[in-house]
Each structure stands twice: as C-alpha cells, then as structure tokens.
There are 6 protein chains.
Amino acid sequence: MDIQLVRTVNGEVARYDGRHVDEIRPVKITRHWTSAPEGSVLIEAGNTRVLCTASWVEGVPRWRHDSGLGWVTAEYAMVPRATSQRTQRDSVRGHVAGRSEEISRLIGRSLRGVVDFAAMGENQILIDCDVLQADGGTRTASITGAYVALVDAVEWAREKGLIARNATVLRDQVSAISVGVIQGVPMLDLPYPEDSTAGTDMNVVMTGEGKFIEIQGTAEHGPFDRDQLNTLLDLAAKGNADLQKLQREALEQQ
Amino acid sequence: MDIQLVRTVNGEVARYDGRHVDEIRPVKITRHWTSAPEGSVLIEAGNTRVLCTASWVEGVPRWRHDSGLGWVTAEYAMVPRATSQRTQRDSVRGHVAGRSEEISRLIGRSLRGVVDFAAMGENQILIDCDVLQADGGTRTASITGAYVALVDAVEWAREKGLIARNATVLRDQVSAISVGVIQGVPMLDLPYPEDSTAGTDMNVVMTGEGKFIEIQGTAEHGPFDRDQLNTLLDLAAKGNADLQKLQREALEQQ
Amino acid sequence: MDIQLVRTVNGEVARYDGRHVDEIRPVKITRHWTSAPEGSVLIEAGNTRVLCTASWVEGVPRWRHDSGLGWVTAEYAMVPRATSQRTQRDSVRGHVAGRSEEISRLIGRSLRGVVDFAAMGENQILIDCDVLQADGGTRTASITGAYVALVDAVEWAREKGLIARNATVLRDQVSAISVGVIQGVPMLDLPYPEDSTAGTDMNVVMTGEGKFIEIQGTAEHGPFDRDQLNTLLDLAAKGNADLQKLQREALEQQ
Amino acid sequence: MDIQLVRTVNGEVARYDGRHVDEIRPVKITRHWTSAPEGSVLIEAGNTRVLCTASWVEGVPRWRHDSGLGWVTAEYAMVPRATSQRTQRDSVRGHVAGRSEEISRLIGRSLRGVVDFAAMGENQILIDCDVLQADGGTRTASITGAYVALVDAVEWAREKGLIARNATVLRDQVSAISVGVIQGVPMLDLPYPEDSTAGTDMNVVMTGEGKFIEIQGTAEHGPFDRDQLNTLLDLAAKGNADLQKLQREALEQQ
Amino acid sequence: MDIQLVRTVNGEVARYDGRHVDEIRPVKITRHWTSAPEGSVLIEAGNTRVLCTASWVEGVPRWRHDSGLGWVTAEYAMVPRATSQRTQRDSVRGHVAGRSEEISRLIGRSLRGVVDFAAMGENQILIDCDVLQADGGTRTASITGAYVALVDAVEWAREKGLIARNATVLRDQVSAISVGVIQGVPMLDLPYPEDSTAGTDMNVVMTGEGKFIEIQGTAEHGPFDRDQLNTLLDLAAKGNADLQKLQREALEQQ
Amino acid sequence: MDIQLVRTVNGEVARYDGRHVDEIRPVKITRHWTSAPEGSVLIEAGNTRVLCTASWVEGVPRWRHDSGLGWVTAEYAMVPRATSQRTQRDSVRGHVAGRSEEISRLIGRSLRGVVDFAAMGENQILIDCDVLQADGGTRTASITGAYVALVDAVEWAREKGLIARNATVLRDQVSAISVGVIQGVPMLDLPYPEDSTAGTDMNVVMTGEGKFIEIQGTAEHGPFDRDQLNTLLDLAAKGNADLQKLQREALEQQ
C-alpha cells in the first residue's frame, strides 16, 4: 500500500482512516453469538472480527488435582482466509504455529491475571479465540472479547449452582489494545496497514483499575527510548479505558 | 435427548421442531460476510452455521502443471466449540482428523463435479468451510454454501480479466442435503438430534439438472432396502431443488 | 493404457478382459493364510490381493466401558509396491493418508452393520486389511475378505468359551462390490484400468438378505441419473450374491 | 513358553523343533509373487514370511545428483498382526518406530555392500520388506529375500536397456542369518521362542565369498567371550552358505 | 523452597544469595568454547549455563531472495536435565514446545534489532542457544551470549572476505536482563527461586545506547502500576549496562 | 579432506594426528559438570565432547509394574552445531532421527548389560547424552561417559537410602570404543576424518572382565574377513582397557 498513513491537517496529525492518534476503532461486542458455548462473543474492532467462546469444563488438569483451585486457559487460531493471503491451516502443517501458541499463552495469562481460582472450585474455563477476519490487533481484540465471554461463562456456572452465589470469581475487568510508533508518531490501535509499517509495536493488557497485566513491546525495526515508551503507555491507558466502557455496556444488556 | 422425534397428528407424521418430513430447515445465505476472500459466504441452516470462503490462487499443484487445466479443492474444519461438547483442535492433535479429511474430500469432489477446468486456466480455487456452529448437516451446508462462494470467486476472476469474459466455468449448480430414516420414517434434512438417532443416514449431492454427483448412504444401525432408498432419494431431490432456489436468489442480489 | 475397454461383439458388450458386464472377477478366498491371528484370510479378486486379519482383543475402548457391548473396528493400508508406481508409506509421511482412513472407517462400519455387540461381551475384534497387490476394488475386497476373517475370529472365541455357545454374534453375511459407468455402459466389478476411466464409480455393501449397509457413489467426472443408478444397483446386487456364495463355500471347508 | 528349548538325545544337543544346532529352518523363496514390482519375492523361513519388493526408480536423491552413481535403499515394516500380539501401525503412531528404521538401515547397508553404483547409472532401487508373519529372524530373512528381488530388478533394467548389457551391478551375493546362545549353547537361526530367551543374539550378513558385511551382536542379558564369538561366527558361515545355495537355485529357475 | 528470599538487614533489603537488589549475578563469557561454529560462546550467569553458537550460512530463505539483504534467526532449547526435574525432549514430543519457540523468536528479534542486513549480503547467521543448566534468566543469558557469538561470526565472515572490510554489520550492542517484583520489592536478575515466586516478571532487551528493543512484562500473579514499572526499567538499565561492559571485555580478549 | 590419513614413518604406520594405530585419543572425564542431575559427566575424547547426565526417577514404565525390577534407558542427541555443517534439530523436523534413536537404543542396551535390576527396586535411571561437539566416536564416548554418570546416580540413590547400602547394582564396568580399517590398516578410535573414509567401521562395547556386550561392525564400503575381524577385536580390547582405567580414576576422585 502506498497510501499515506499519516497526514497533517491544520497542524494536527491525522490517520489514513481519519482517526485521531488517540482514538480506537469502532468496536462492536455481540454476546450469545452462538448458542452452544457457556460464553460466546463476536467482537468486531474495525475490520478485525474474532469469535471468542468460553467453555466450562468440570475438573482440572492433572497437575492441578486436589488443589481446590480452578484454571483458565486459551487457544487462538485464524481461519485460513482471515487474511488477505490465505494461510495454511495449523492442522495441515501438523502442529500449532509458534505465533498462534504464543498468542494463546498471552490470552491465557491475561485472563488468569484477574481470576480468583479458589472461587471457581476445581473447574476449568477453556477460551477459544477464532479469528474470522484479521485487520491488525487480533490478539488484543481476542483478550477484550474473551473477557466478556468469560463473564458469561462464570454467570452461567453461578446460575447452575456450580460456583457460590456471591463468589467474586473475577477480581477486575481486563482488556487489551495495541499502540505503536508510525513514522515517528505514537498512535493508538493499529490496523494492519499501520501495524505492518510500525517501527515499534506494543500490546498492553490492563485491568479496570488501570494496572498492567502484560506489556509486550518490540522494536525490531528501530529501538525506542523512555520518552516514547511513556507516550505509548498513556495512549494505551486511554484505549483500554474506552474498551472497558464498551465491555461494561455489553454486559449490562439483556 | 428423550424428546419424541416423531409425533402423529391427525394421521400425519410430524417432527420435534414442527417441520414436515419433506421440509428443509430455514436457510439463510449471506454473501460477502468477510471482505478479504474472493468469495465469502455465511450459510445458516437451522442452527448450523458455516463460513465458506473461496480463495483464488494463481497456478496449480505440481501434478497439474502444463495441463492447461485449473483445480478446485476444499478444506473443512470446526471451531472447537461448534458442538455442545468442546472438541480438541486438529492442530493440537497434530493431524487432520479422519472425519474432517473425509468431508474435505467430499466437498472438493462435489464442486469439481460442475467445474470446467479448461475454462479456469491454470489457476486454483481453494474452498475453506469452517463450521462455527454445528447442529447436523454441516457437510451438506458446506457444499451448498461453498457453491455460492465459488460463483463469487469465479465472477471476481472474470472481472479481473483472469478468465475469459464469456467462459462457462460452472456447468451447473450444485447443492447437498441429508436424508435419513428415523424410527422407520424417511425424513429430509436431519438436525443433530435426529441425525444421531437415525438408522440410515444419507447425504445426496445433486446438480441443478437433478442428477447425482455423490450419494453416501450408511446404515450401520439397520440395513435399508430398495424401497426405502427410493423414498430417500425422492426427498433429497425435493430438498436440493429448494436449496438451489435459495442459492439462485442469493446470487441474484447485488 | 490405450486398450479398448469396451468392445461390442455380436451386439453384446464385452470388456477388455473378456468378462460380461455383469460378471465378477475370479475370486479366491484362502482361510488361515497366516497362523497368528484369530482370523486370517487372503482374498484374491483378479489381481487384487488383500490380507485380512481379525484380532480378538479383550476389553473395549474407554468410551465403551461398562456398556456390556463389544466393538469392531478396522484399519486399511497398502504395501508401497501394491501399485504400479510405488507409493510412500503413511508411516514415513507421518500420518495416515486421508484415503486410507476413509476406507478404514468404511470397512469398520460395514462389518459393524451385521454385528450384535451384546453377544460379543466387552471385547473387541480389530480388523487389518493390508493390500499386497492393488488392481481396483481393494476396499470392496477388503470388506468381503474381512467378513470371513471375522467369522473365524468369532468361532475362535466361541471355542475358547469367550462368547456363549449359541450366541448369534453375526446377524447376517456382508460383502461389497464396485460398479461403475464406463463409456456410458454400467458394469460390475471394475479393475484398475476400468476404474480409472469411469465417469461414475460406486461401492455397494450388502447383507445376505440383499439389504444395503452402505452405498458410496461418486460422479466427479459426469453426474448420473436415477435410471443409471438403478441399473448399477441391480448389478451390485448380483455381484454381492455371487460373492456371498463364495464366502459361504470358503467357510464350509475344514 | 515353558517348552524345553534344548534336549540332549544320546549326548547330542537337540532343539524343540527337532533341528540340529547348526541347521537352518526350511526356506522357500518364491519369485514374482506379485506382478507390479520389478522384483517381488516371498521368502518363507520356518513360519517367518516376508514380502520383499524391489522398485526401479529413475533418478537419485538430490545429494547424489550429477555423481553418475545409483543408490539402493530399503524400508522394513510389519503388518500389525504378523506377531502373536497385534502391534500398533507406525502410521497410526505418527512416525516410523526406531526398531523399524534401524532394520531398514541395516537392510540398505547390507545390499549396498555388494552393489556397484557406477554400473547402475543415476537410478535408484527401493527395497520394501513387509513382514506378513514374524517368527524370529525377520531382518535376516528380509536381507536374504531382498537380494533375490534386487537381482530380478537389475535384470529387468538390463532387459529394458536401462543398464549396460554386460555391466556387473552386483559384485557378489549377500545373505544374512541369526545366531545366538541359548542356555549356554550356541545355535544357528533362532525362531522367536529361542530368540526371546537368548542371552546373546547376533545377526551376521555375509557375501558369497564368505566375507562379512555386517555383524551385530548384542548381549544385554549376559556378555559373551571371544570363544563363544568364534563358535557363533562359524555357525553363521555355515548358515549363510546354505542360504546362498537356495538363492542361487531360486534364481536359476525360469 | 521455604528459604527466605528477601531479608532486611540494617534497613537494607538483601537477597537469599546475598546480592543487592540492583546487582546482577556473576557472569562469565567464554568465547570459542567449541571449535566448529563460526561463533561459539559459553555464557554462565550464576548457575545458568548456555551454549550459544552462530553459524554462517550462505544464502537466505526463499522469501528473502533477491532482496540483497541477509537474515538472522535463532533457536532455543534445553537439554532434558538442565532443570531440577528432567523435562521431555521436544524431539520425543514431536514438535517444538510453545515456550521454546516463543523464546527462539524473542532471541531472533532482539539480535535483528541491531543488524544492518544490507551489510551482510544475502547470507544467514543461525543462532543456536542450548541451555545446559537452567537457574532462571535463560532467555536473557541467551541473548547476551548470542550477541558475542554473532560478533565472532561476523568477524569470521569479514576475514573470509564474505562481507566488506569496513561494513558496519552490527549497529550497536545488545543484551538482556530480567527484573521482577518479589514480595513487593523490585529486583534485578532473578534466579529460579526468585523468578518462580515473582508477582511481576519482566525481560528487558536494550542496546548499548540504552534504548529498548523488547520489553516483555507479565503479571499473571498481581498487576503492577506505573511507578513499579519505572523502578523495574531503571534496574534493567543498570543490569544491561553491566552486562554490556562484560561483553566488551570478552570481545577485547584474544 | 585430502590430508594423508596414514603415513608410514620408519616402517611404522602413523596417523595424521600422530597417534599409533593402537592408541586412543586423549580422554578427559569431568564429573559433576552440572549440578542438577544425580549424575553429570562431561566426557572429552579428542575434540568429541558429550554431556552425559543420569536422572533418578521413581517408578518404572507401565510394562514393568509389579516386577520388583528397575530400568535404565537412554536418549542421545546432538546440538545443531556440534558438527562442521549445522544439522537441523530433531524437534524442528518433528521426530527423532533414525540415527539418534538407533544410538539411544545402543547406549541403553550397553548400560543395561551390567545392571542388576532387582537391586535397583522399581526405579528408573534415565541417561541423556547430548553431544556438544562431534569429531567421531560420539556413541562410544557417550557409553563410556554415561557409565560414570550412572555410577554417580546409583551412589546418590544409595546415600538417599533409595537402594540398599550393600546392593551391587552395577555388576561390572562398561566402556566402548570404535575400531576400523583405513586404507587397509586396522586402527583404534577413529576421529571423523578417519571414520568417514573407513571401509570397515566397528563399535565394540566391553565389560571390565573383557567380555563383549555389543559388537556392531559394518562394511558397506568393503567386506572384511575373519583375520581382519580378529585384529580389530584385539585393538578394541586394548582401547576399552585404557578407557576403563580412566573411568576408575575419575570415580576415585571425590
């Protein structure tokens, strides 16, 4: 793409899709998108679209037996034609791609960061994030959507009497957003055309209290300094606050 | 499920979801559901929901080089929580499950049955059918939806000048439907609760002309005779005619 | 091969190997071909040669525990040089080929269609069909031979007192044959030169009573209509009756 | 088995199957057992039965390109019920078992030890040894049978004009036999009941000239000394001479 | 371990191994530890011991052809008994573990962050980091050691005339260190006993200029705030400066 | 390499590295090279360098349950750049290479040949031999080093009271050495340049008593006769005696 990613209009920096540098893309969170899972959320962030399901499973893995504690884990994948070029299925290749497994682990850690495992009892919630369309920010959209599916699965279990009526299983909200430096300008929530040209790219997972659960910043194409880091973290804090408002609105419905 | 699958009302056989024995489920075909693929169709048949994409790829596999002929192939998979119990991902298991591969081959054969490969030139169309929710009939819904995605990919290529303006790449329509014998009664289009109790289960792939491309009937739980076969084929002919009408309506839009 | 597959002699259709259109190839069934398995049959159908063994195994898979029911399953494979071109071993490729797994599942379903699992108790019979030479019809020869091996394994178990003296484990015979349309002419029992040029190819598994357990017809290279289907099924009925006579003769010996 | 492996009759040591300690089992070598391969031999040594095929393949692996030299390699496998207990297929397990690969490599090295690669040109002969029934000595029977199949494949290529009319592709014969120490007594050609109780077990591959190509002796269950080694090698020399006579007789026919 | 990880002595915080909170473990960098690789470094950081080799390979992967640019990539693994409990080999498990692949990717990105690919020409340097003993910080020790091996490989290529005499292939130094919060106290360079109890754990990759190439902070066991983040980054800056001094000293020798 | 492997000096045969034909390379055995394993030995034989660890694991594999007997098994691998050309990791290839598995099995058998399993109780010792630098003789160095690690693991268990104070777990010493015929001259302990040109190559595993546990001789590039075999075995006996003296010296040191 030879579009101009960053334009300056009246002295203000603007982006090729018209957003401000500190503005997230339009986000739509649809709960109960499919009916089988205990939690099922379709999250759309710009053109990125991820189906996040949460499956309640009795019992925990062997290494967790007799701990009295539950467990939450996640798997992330893309359908082959989520991307502009078709990608080979992991199942055909014979193993989960490193990138997929790395993101799966990130999603799991992010959600576990707000879970009280004692309140779950010895049960598991398995999160599946299947990217149906990818336009940047699929891992952060997965976390943001999976949190909502996780809430629904917890409430399902509460209604079934599988967890205590007044147990606080989720200690806080959790959401994630990307930030990056494009042509020297720090920006919030990068779609693919921006992401692929960013010198620095960072994913920031934050709680409702504004604390960090995970920061993953990489600058393979140009190291960044402490000042840039601080600007990026400010942007991420704003973006996560916006997302968490949308999560709350989605959860208040129905 | 101990629901009563077949009720007799005034001498007529009825089904647990109120359909007649020769009635298909409500079907919705949404084209362009995602924007990256050359063809992208979300097909919903009752609660079964499949994303069918068609990817145009220049060139053909090595064994097809210098033949002047194109190729069409397909891959079928389910997201883990398409089903009421979560199923393990093929990628985690390390290979494509036999069932998935068998269905992938069926979809590919069914579509190839109406393709004129010479008209395609040495190009491939890769079909991906990802089941997002499964309630019986996922393989037949995949074929029915994939045909529409295939048409869109062919037209995309025609507009790009990749195939001749007036070439007839698709010689006919193709759709598929299941039929089966439940408690002795032949029926059309079985959702999961019926399918799982059927003595005989048959998938029938037919062209717009009403010819057969594939018949796969299995009676592990009770052999069937020639009369039953004939009744089942009559039902399948009606069901496929209904589906093909819906395919045409979807393709006439926009 | 540019041999003439179909010749017309005196107004009658004849085949390149001299058979009539409704004639099966010479079949030889050798029981006890190896001595270790509970059932061991070498079946030769024309040049196709398959070693079918039946292994009695105490106990059933986990999902079948405490059901009081037995289980029958099958695996199909070819030695690399069963074919005119050597094919790579599945073990070297790292997984069972889709085709092999599909045929394995077909053989298993076909045999299970005549088994009374309650009469077996919680035991398994594992069928292995290893194709030593392939000249078309390997899957149908496998089913036909495996039935005989299955009978021998059941009788072995009966003699050992592992199943009741008068239990009817096998409710009926089962055999399979291919039919197809070659240059417009429906024919019975296709060897490889015919099979590879057939427009329509169908495998029909039938019981001794003449009922269907499985019909798999595919017409990737030219859809077929209802009349052709009926002719093919008539041929299959004749072929299976002939095979079942040979099965009975083999089982009467010794 | 609690049979008495070694009986002393009139001061002489005898074996449970009546053979002398320096006597090989009855061997039957059937050439052209299947018709597709360039060489196809069924070798039976006692109850051990191996199908050895030799496939002529034009061209050599990449690392051998432009060397002017041919290549010979081998693969060894067992059908699941070759043994008294069924063994899982390598293809199901997902990789070639270490034992199979080890034996494949041994067979390949043994045959290559007598091949003049320059005389073959840049062509390959692929040997497949599929054990249909296993009663000890499967790897040595494979080598002995594969040599005969190799001769037939070479002669096939000579007749086709693919190798020079008077080229000596095979510089010598090659055969193999097992020897071992049972209850302190060195013996020739161990069937499974003897092999499984042997303290020392050795496979000896020899040329027609009586030289060694491979010696593999293992004494996991009781180290052996130099005198025992010498006795074992004397037995192996006799056994290989006997086998080579049978190879020559088989090759002289037709 | 129920040792006291953090003790307070005279108002100052001390650690179970006596270090100050801002003190790295003793580090030893041995160049040319093995002789085959172009770069070969044994790095010891406390009890952690990693063999880092750099292999110069002519040519680049296919996707990089004709770019005029080189490539650097890395693989990370542990010997099974690097850890207190033996871990299964990835090769036995049948695929690279997610953790190993994730670390491999991190090492690769970190080194690529300082490489000028144009100066390398179309060549690759493959880094292998094999952990021989693991006591925390294996991924950061790998990066720190691999940088030194990378320098040696570049100089080897320069001496061979494979890269230009005065080309600046490495634009800067790179090293990495872990930081974390233990019982509320931010600390530098965590050995395993500290690492396994840390609420927050962060790996920081920095250049000689003090810029960031990668920050990976995770707080599965207790989110952290901005102030803690700042303290951790200050510690990491000190640790990396110390490590880079040791890298320079090692490279000045011989 | 076109170096002269064998020179004749004053009528005596000498080797390119100056050794006599019956002389082993300098060997250094370092115990406790890493601290986590129960036995940890770095063995250096010339430029060959292998890390041998012995891990004590409670319990035995399922097939050994309730036998009262222990088990010893081994795994062998190379780091990718142990060799002059980098080799791909088995874990990346997706399975253990045949060569690695074959050597793993050899090491296991060799060690088991001197173990009294009853004295171990139902426990396992897992040997890992990781080749850090390869210059010929890696499998024999692995056996020789692993024996020392095994002794240390047994003594560790004895001190922990896991095996009886006076139990003789190891009935004898065990070591291994290679011999071969280079340009017609039998020689002891071949480094890679000699090994790769040897016509005959043999690995000989011997006990302290001078008995054989394993003989693996292969002559793919030129069969050998009985006289040559005897000379090779004499050389191997001398080499193993030398190695066993070094093992004892290493074990006598604290």
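Residues numbered from 1 in each chain as written. Chains lettered and ligands numbered in written order. Predicted model: local features only at pLDDT ≥ 70, side-chain atom pairs only at ≥ 80, totals over all residues. Heavy atoms only, no water.

Below, the discussion takes up the overall build of chain A. Along chain A, the regular secondary structure elements total 6 helices and 11 strands. Since a compact globule built from 254 residues should have a radius of gyration of about 18 Å, the 19 Å found for chain A is in line with a globular shape. Counting only C-alpha atoms and orienting by the principal axes, one finds that chain A spans roughly 60 × 40 × 35 Å. Per-residue burial for chain A yields a buried fraction of 59% across its 254 residues. Taking the contacts inside chain A whose residues are at least 6 apart along the sequence as the reference set, 69% of them involve residues at least 24 apart. Carbon together with sulfur atoms contributes 46% to the accessible area of chain A, which is approximately 10100 Å² in total. Computed over 27 positive and 35 negative side-chain charges, the separation of the two mean positions in chain A equals 3 Å. (Helix = DSSP H or I, 4+ residues; strand = E, 2+ residues; numbered from the N terminus. Rg over C-alpha atoms; globule rule 2.2 N^0.38 Å. Buried < 20%, exposed > 50% of the residue type's maximum accessible area, 1.4 Å probe, protein only. Contact = heavy atoms within 4.5 Å. Areas by Shrake-Rupley, 256 points an atom, 1.4 Å probe, with all protein chains shown as cover. Lys, Arg positive; Asp, Glu negative; His and termini not counted. Charge placed at Lys NZ, Arg CZ, Asp CG, Glu CD.)

Here the focus is the relation of the copies chain B and chain C. The two copies are related by a screw operation: chain B maps onto chain C through 180° of rotation and 0.1 Å of translation along the axis, at an RMSD of 0.0 Å. Seen this way, the second copy is the image of the first under a two-fold rotation axis. Taking C-alpha positions as the reference, the residue of chain B nearest the rotation axis is Gln216 of chain B, at 2.3 Å. (Least-squares fit on C-alpha atoms with pLDDT ≥ 70 in both.)

Attention now moves to the UniProt feature "binding site: phosphate" (unreviewed entry) in chain A. Per the UniProt record, "binding site: phosphate" (unreviewed entry) is annotated on Arg99, Gly137, Thr138 and Arg139 of chain A. A maximum C-alpha distance of 13.7 Å is found for the annotated residues, which run over 41 residues; spatially they form one tight group. The topology assignment puts Arg99 of chain A in helix α2 (residues 98-112). For Arg99 of chain A, the residues in contact, after removing those within four places along its chain, are Tyr76, Met78, Thr138 and Arg139 of chain A together with Arg105 of chain E. Tracing the chain through its elements places Arg139 of chain A in helix α4 (residues 138-159). Setting aside anything within four residues of it in sequence, one finds Arg139 of chain A in contact with Tyr76, Arg99, Ile103, Leu106, Asn203 and Gln216 of chain A. (UniProt positions renumbered as here; feature names shortened; annotations may be inferred.)

Unusually for a residue other than glycine, His32 of chain C sits at a positive phi of about 60°. Since its relative accessible area comes to 43%, His32 of chain C is described here as partly exposed. Positive phi values are uncommon outside glycine, yet Asp66 of chain F reaches one of about 65°. With respect to the element layout, Asp66 of chain F can be found in the loop between β5 (48-58) and β6 (71-78). For Asp66 of chain F, a relative accessible area of 75% corresponds to the exposed category.

Attention shifts here to the sheet that holds β5 of chain F. All names here are of chain F. Across the sheet, which stays open at both edges, the 5 strands sit in the order β3-β4-β5-β7-β6 with mixed pairing between neighbours. The sheet terminates laterally at β3 (27-31) and β6, the two strands that pair on one side only. The mean inter-strand angle of the sheet, taken between neighbouring strand axes irrespective of direction, is 15°. In this structure, β3 lies alongside strand β4 (residues 39-45), joined through 5 bridges in antiparallel fashion. Residue Thr30 lies in a different strand from β4, and its bridge partner there is Leu42. Sheet strands in contact with helix α4 (residues 138-159) are β3, β4, β5, β6 and β7 (123-133), and its direction is about 35° off that of β5. (Pairing = 2+ DSSP bridges. Axes fitted to C-alpha atoms, helices over the stretch in contact; angles between N-to-C directions.)

With that out of the way, let us pick up the arrangement of the chains. There is no contact between chain B and chain E; across them, the least C-alpha separation is 9 Å. At the C-alpha level, the nearest point of chain A lies 9 Å from chain F, with no contact between them.

Structurally, Val96 of chain F is set in the loop between α1 (90-93) and α2 (98-112). Exposure remark for Val96 of chain F: the relative accessible area of 19% places this residue in the buried category. Measuring from C-alpha to C-alpha, the distance between Val96 of chain F and Tyr76 of chain F comes to 9.7 Å, with 20 residues separating the pair along the chain. With near-sequence residues (within four places) excluded, Val96 of chain F lies in contact with Ser91 and Val92 of chain E together with Asp90 and Glu101 of chain F.

A word on the interface of chain B and chain C. The interface is formed by 30 residues belonging to chain B together with 30 residues belonging to chain C. Seen at the junction of chain B and chain C, the total is 6 salt bridges. With a closest N to O distance of 2.8 Å, Arg105 of chain B and Glu102 of chain C form a salt bridge. Between chain B and chain C we count 20 residue pairs in polar contact (both at pLDDT 80 or more) in total. Breaking the side of chain B that touches chain C down by element, the ones donating at least two residues are α2 (98-112), β11 (212-218) and α6 (226-252) of chain B. Of the strand pairs in this sheet, β11 of chain B and strand β11 (residues 212-218) of chain C are connected by 5 bridges, and their pairing is antiparallel. Paired with Gln216 of chain B across the strands is Gln216 of chain C, a residue of β11 of chain C. (Salt bridge = Lys/Arg side-chain N within 4 Å of Asp/Glu carboxyl O. Polar contact = N/O pair within 3.5 Å; in protein donor to acceptor, adjacent residues only side chain to side chain.)

What follows is about the packing of α6 of chain B against helix α6 (residues 226-252) of chain C. Where α6 of chain B meets α6 of chain C, the closest approach of the two axes is 13 Å, and the angle between their N-to-C directions is 155°. The orientation of α6 of chain B relative to α6 of chain C falls into the category roughly antiparallel. Note on packing geometry: the crossing formed by α6 of chain B with α6 of chain C is right-handed. Every residue of α6 of chain C that contacts α6 of chain B at Arg226, Leu229, Asn230, Leu233 and Asp234 of chain B is listed here: Arg226, Leu229, Asn230, Leu233 and Asp234 of chain C. (Parallel < 35°, antiparallel > 145°, perpendicular 65-115°, else oblique. Left-handed = near helix turned anticlockwise from the far one by under 90°.)

Moving on: the interface of chain D and chain C. Taken together, the contact between chain D and chain C spans 34 residues of the former and 34 residues of the latter. Of the roughly 2700 Å² buried between chain D and chain C, counting both surfaces, carbon and sulfur atoms make up 51%. For chain D, the biggest contributors to the area lost against chain C are Arg81, Arg86 and Arg89 of chain D; these three give 24% of the whole. On inspection of chain D and its partner chain C, the count reaches 12 salt bridges. For Asp130 of chain C, the salt bridge identified is with Arg89 of chain D, shortest N-O distance 3.0 Å. For the interface between chain D and chain C, the tally reads 20 residue pairs in polar contact (both at pLDDT 80 or more). Of all the secondary structure elements, the ones that give two or more residues to the side of chain D that touches chain C are β5 (48-58), β6 (71-78), α1 (90-93) and β7 (123-133) of chain D. (Buried area = accessible area lost by both parts, 1.4 Å probe.)

Residues and elements named next belong to chain A. Annotation from UniProt places "domain: Exoribonuclease phosphorolytic" (unreviewed entry) at residues 23-153 and 172-239. Span residues 23-153 is 30% helix and 32% strand, its end C-alpha atoms 30 Å apart. Secondary structure across residues 172-239 comprises 26% helix and 41% strand; the distance between its end C-alpha atoms is 17 Å.

This part covers the sheet that holds strand β8 (residues 174-182) of chain E. A sheet is described by the order of its strands in space; here 8 strands give the open sequence β9(A)-β8(A)-β10(A)-β11(A)-β11(E)-β10(E)-β8(E)-β9(E), paired in antiparallel fashion. Either end of the sheet is taken by a strand with one partner, and the two such strands are β9 (185-188) of chain A together with β9 (185-188) of chain E. Between one strand axis and the next, the sheet turns by 15° as a mean value, whatever way the strands run. Most of the contacts of α2 of chain A go to strand β11 (residues 212-218) of chain A, to which it runs at about 150°, and overall it touches β8 (174-182), β10 (200-207) and β11 of chain A together with β11 (212-218) of chain E.

Take the confidence of the model for chain A next. Taken as a whole, chain A shows an average pLDDT of 92; of its residues, 95% reach a score of 70 or greater. Of the two predicted TM-score estimates for the complex, the pTM is 0.89 and the ipTM is 0.91. (pLDDT = per-residue confidence, 0-100.)

All right, on to the side chain of Asn203 of chain A then. By secondary structure assignment, the location of Asn203 of chain A is in strand β10. Setting aside residues no more than four positions away along its own chain, Asn203 of chain A makes contact with Arg139, Thr140, Ile177, Ser178, Glu214, Ile215 and Gln216 of chain A.

Let us now look at the relation of the copies chain D and chain C. When chain D is fitted to chain C, the best match, at an RMSD of 0.0 Å, comes from turning it 180° and sliding it 0.0 Å along the axis. Here 100% of the interface residues in chain D have copies in chain C that are interface residues too; the copies meet face to matching face.

For the rest of this paragraph, the subject is the packing of helix α4 (residues 138-159) of chain E against helix α6 (residues 226-252) of chain E. All names here are of chain E. One way to put it is that α4 packs onto α6 with a least axis distance of 10 Å and a crossing angle of 30°. When the axes of α4 and α6 are compared, the pair comes out roughly parallel. Along this stretch, α4 crosses α6, giving a crossing that reads as right-handed. Touching Thr144, Tyr147, Val148, Val151 and Asp152 of α4 are Leu243, Gln247 and Leu251, all from α6.

In this model α2 of chain A runs 21 Å from its N-terminal to its C-terminal C-alpha over 15 residues, within 8% of the 21 Å that 1.5 Å per residue would give. With 12 of 15 residues buried, α2 of chain A lies mostly within the body of the structure. (Expected span 1.5 Å × (residues − 1).)

Looking now at the side chain of Ser175 of chain C. Residue and element names in this part refer to chain C. Within the secondary structure, Ser175 sits in strand β8 (residues 174-182). A distance of 2.7 Å separates polar atoms of two side chains, one belonging to Ser175 and the other to Asn240. Within the structure, the side chain of Ser175 is placed 3.0 Å from the side chain of Gln244, a separation counted as a polar contact. Filtering out sequence-adjacent residues up to four positions away, Ser175 remains in contact with Ile143, Thr144, Val204, Val205, Met206, Asn240, Leu243, Gln244 and Gln247.

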